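# Remarks on the overall topology
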Amino acid sequence: MKMVTEWYRAFRFQVCPRSRFLEFHLNGVGVERREVSAAQVASELIRLYIGTILDKQFSAKDAGDCAYTDFLNVGRKRGFYGSKNNFTEAKEVAWKIQKVLENFAFDPSFTVVIANKPMSVQFTDDIRFYSTPVAVVSKETGAYYLYFVKVTSSWRDDRREAMARDNQLLSEMYVAKTLCSGDFAGAIVQVISLSKAVYEVPFMVSWDEKLTTDWAEEAGFQEQRVEMLADSVVANDPSRTAVEQGVAFAQHRHACSFPYPCQMNEICWGDLQNEPHPENDPRFMPREIKLVSEKELVASWK
């Protein structure tokens with residue numbers, strides 16, 4: 001069975017295998033909340049529009065204006081999970097996104113090689129891994145670097161060392177290294193503290209062959225096992241409840257409430273425990289498939 005995957009799936013499995021199954025595999029496609037995470041949308045928009053600035057598609061001001069509008073449109077269409085006053089809070093976050101993008105500056109000693117372009121490599125014989133780095137840049141020395149943008153609510157410099165093991169960073173370095181023909185030196189990490197709408201001082205994470213390769217091998221085989229098990233569970237009896245379908249996947253109960261309430265709690269513990277199709281509930285919907293290649297695969301299965 002051919003499969004496609006990306007870093008977020010591997011991350012979700014580490015947080016809670018049961019949540020990973022529900023989000024990406026339940027009833028063949030997966031289920032997600034109709035409301036979305038404001039922090040996640042903000043991060044995706046900032047990374048996307050920084051890529052468009054580097055690719056010279058937008059000026060910093062135009063990128064900020066577009067991101068401001070896009071964020072509010074997402075809020076109007078889907079709503080933000082856990083927000084008590086959607087409109088007021090959304091406008092405040094949208095303003096911070098706009099300010100961040102308008103203040104974007106790039107070190108002219110680097111040359112942008114690729115920006116905002118989906119990239120993929122073969123993980124295993126059956127799994128292709130996808131990633132969309134903000135950019136790959138180079139120096140006059142010929143060395144290549146991943147330009148990695150991390151959006152967080154707040155930041156402490158003592159977290160720099162831990163960034164070397166960040167799932168998204170490792171995945172993007174793995175793809176960039178695989179596809180770059182020259183000397184790949186590592187990643188330039190630009191952290192953005194969204195609560196203050198400021199750029200932290202960029203820092204370097206050097207390429208670590210063993211660390212990144214070990215992560216890729218583990219993630220690749222993990223994905224293969226998860227996909228095969230999920231496929232057999234769904235094919236077995238799709239009329240069973242979501243909890244019954246997901247029982248083969250361990251539940252990390254600390255993740256139900258830490259660091260924030262899991263968006264699948266109503267399915268695992270609430271009033272949807274006995275529902276085979278929670279995606280029909282007004283609070284949920286079938287997962288929106290974003291990878292074009294996955295859409296083609298899903299279409300071929302029907």
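Placed above this text is the structure.
Quantities reported herein were computed from a predicted structural model and do not represent experimental measurements. (Residues numbered from 1 in each chain as written. Predicted model: local features only at pLDDT ≥ 70, side-chain atom pairs only at ≥ 80, totals over all residues. Heavy atoms only, no water.)

Turning our eyes to something else, we now look at the pairing of strand β8 (residues 184–193). Within a regular beta strand, the side chains point alternately toward one face of the sheet and then the other, so they alternate between its two faces. Counting buried positions over the 10 residues of β8 gives 9, a clear majority of the element. Pairing between strand β7 (residues 144–152) and β8: 9 bridges, direction parallel. Directly across from Tyr 145, in β8, lies its bridge partner Gly 186. Taken together, the 4 bridges between β8 and strand β10 (residues 203–206) define a ladder with antiparallel strand orientation. (Buried < 20%, exposed > 50% of the residue type's maximum accessible area, 1.4 Å probe, protein only. Helix = DSSP H or I, 4+ residues; strand = E, 2+ residues; numbered from the N terminus. Pairing = 2+ DSSP bridges.)

Take the packing of aromatic side chains next. The description of an aromatic ring pair rests on the distance of the ring centres and on the angle between the ring planes. The final tally for this structure, using the stated rule, is 14 aromatic pairs. Here the aromatic residues Trp 7, Tyr 8, Phe 11 and Phe 24 are joined through ring pairs into a cluster of three or more. For Lys 139, the ring lying beneath its charged end belongs to Phe 110, and the centroid distance is 4.4 Å. (Phe/Tyr/Trp six-rings, centres within 6.5 Å; stacked < 30°, edge-to-face > 60°. Lys NZ or Arg CZ within 6 Å of the ring centre and 35° of its normal.)

Another aspect to go through is the nonpolar core. Membership of the largest hydrophobic core comes to 35 residues, with the highest contact counts inside it found for Ile 46, Ile 50, Leu 54, Phe 71, Ile 97 and Tyr 147. Among the elements of the structure, α3 (38–54), α4 (60–78), α5 (86–102), β6 (135–138), β7 and β8 are those that each provide at least two residues to this core. With 8 residues, α3 is the largest single contributor of residues to this core. Leave out the neighbours within four places in its chain, and Leu 54 touches Phe 104, Phe 106, Val 112, Ala 115, Val 134, Ala 135 and Tyr 147. (Core = buried A, V, L, I, M, F, W, Y, C linked by side-chain atoms within 4.5 Å. Contact = heavy atoms within 4.5 Å.)

Strands sit in the order β1-β5-β4 across an open sheet of 3 strands; the sheet is mixed. Pairing within the sheet leaves two strands with one partner each, and these edge strands are β1 (3–6) and β4 (119–122). In this sheet, adjacent strand axes meet at a mean angle of 30° when their direction is disregarded. Of the strand pairs in this sheet, β1 and strand β5 (residues 127–131) are connected by 4 bridges, and their pairing is parallel. Across the sheet, Thr 5 pairs through a bridge with Phe 129, a residue of β5. Contacting β1 and β5, helix α1 (residues 7–15) runs over the sheet at an angle of about 75° to β1. Strands β4 and β5 of the sheet are contacted by helix α7 (residues 167–179), whose axis makes an angle of about 80° with β4. (Axes fitted to C-alpha atoms, helices over the stretch in contact; angles between N-to-C directions.)

That is the geometry; function is a separate question.
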